[in-house]
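Spelled out, the chains give:
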Amino acid sequence: METGFGSGSSNFTFLGSCEYKDELYMISICNGFSLMELFLTLGRKCEEISPQNVILQYLAPHRKLYVTLNEDDDVRNMTHLHTCMRLAIIDMRAVKKDQMGARNVNMAESEDETQTSNDGHLQVSLVSNSIDIWSNCIRGEGQIFKDAAEFRRCAKNYAIATRRSFLYKKNDSEKVILICSVETCSWRIYASRHKADNLFGIRRCNLIHTWR
Ligand SMILES: [Zn+2]
């Protein structure tokens, strides 16, 4: 199940499993896919899966709720969420546009209280859960990332979730050193690419803020 973290590959891929009319279609989803690329890839498996006919949704694994893909940013968040959770398989479904209303009614009548028919609630719960995930996306020494950009993205989300800010003491594709924005605080992360294995990872860190 583990994705190819730190493989150094730029076309980092997920396995996408899309349910449509009781059939599953398996595709590769590259990191950085646009919504249209996602539709085109699925359309090659089943021509009825097109933006005109269906709405694409993915299952947010931590909540067992479906999130609708409306724009490229939603696709980025989808792959980012699965990267954070270290999941290689993305569960999706294509819902015919004229059946959306019916599905929502079914969900509202569901006895499962974790489900909701309200897209607004879904978005809110996803955001609050993203905060939970983000506060765990920097875990400590030895943690591996795809590359420096992925590390920076995780560090930014971590800073948001933990309500702290950091400064770059060094910042390039080979080495990133983060320090706390509070000068007297000893919080810091030293991350770099190892020449031996080409993996970008946290080499040393102190994740405790010593000034409050
Ligand atoms: Zn600090």
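Residues numbered from 1 in each chain as written. Predicted model: local features only at pLDDT ≥ 70, side-chain atom pairs only at ≥ 80, totals over all residues. Heavy atoms only, no water.

- Looking at an unreviewed UniProt entry, one finds the protein named Transposase MuDR plant domain-containing protein, with Dorcoceras hygrometricum as its source organism.

## Concerning helix 1 (residues 35–45)
Next, step 1: Inspection of helix 1 places Leu35, Leu38, Phe39, Thr41 and Leu42 among the buried residues, and these make up the whole buried set. Taken down its axis, helix 1 places every buried residue within 165° of arc, on the same side.
Next, step 2: Of the surrounding secondary structure, the elements contacted by the buried residues of helix 1 are strand 1 (13–20), strand 2 (23–30), strand 3 (54–60), helix 2 (72–84) and strand 5 (89–96). (Buried < 20%, exposed > 50% of the residue type's maximum accessible area, 1.4 Å probe, protein only. Helix = DSSP H or I, 4+ residues; strand = E, 2+ residues; numbered from the N terminus. Arc of directions from axis to C-beta. Contact = heavy atoms within 4.5 Å.)

## Some thoughts on the nonpolar core
Note on soluble globular proteins: their nonpolar side chains tend to be buried together.
Next, step 1: Residues Leu38, Ile49, Met92 and Phe151 are the most contacted members of the largest nonpolar core, which totals 46 residues.
Next, step 2: Residues from two domains meet in this core; each of domain 1 (13–134) and domain 2 (144–206) gives at least three.
Next, step 3: Those residues within four positions of Leu38 in sequence are excluded, and the remaining contacts are Ile27, Ile29, Phe33, Leu56, Leu69, Val75, Met78 and Met92. (Core = buried A, V, L, I, M, F, W, Y, C linked by side-chain atoms within 4.5 Å. Domains from an automatic or database assignment.)

## Here we look at the sheet that holds strand 8 (residues 175–180)
Next, step 1: Within the open sheet, the five strands sit side by side as 6-10-9-8-7. Their pairing is antiparallel. Because the sheet does not close on itself, it has two edges, and the strands there are strand 6 (144–145) and strand 7 (166–171).
Next, step 2: Across five bridges, strand 8 lies against strand 9 (residues 188–193) in antiparallel orientation. Bridge pairing in strand 9 places Val176 opposite Ala191.
Next, step 3: Strands strand 6, strand 7, strand 8, strand 9 and strand 10 (200–206) of the sheet are contacted by helix 5 (residues 148–162), whose axis makes an angle of about 165° with strand 7. (Pairing = 2+ DSSP bridges. Axes fitted to C-alpha atoms, helices over the stretch in contact; angles between N-to-C directions.)

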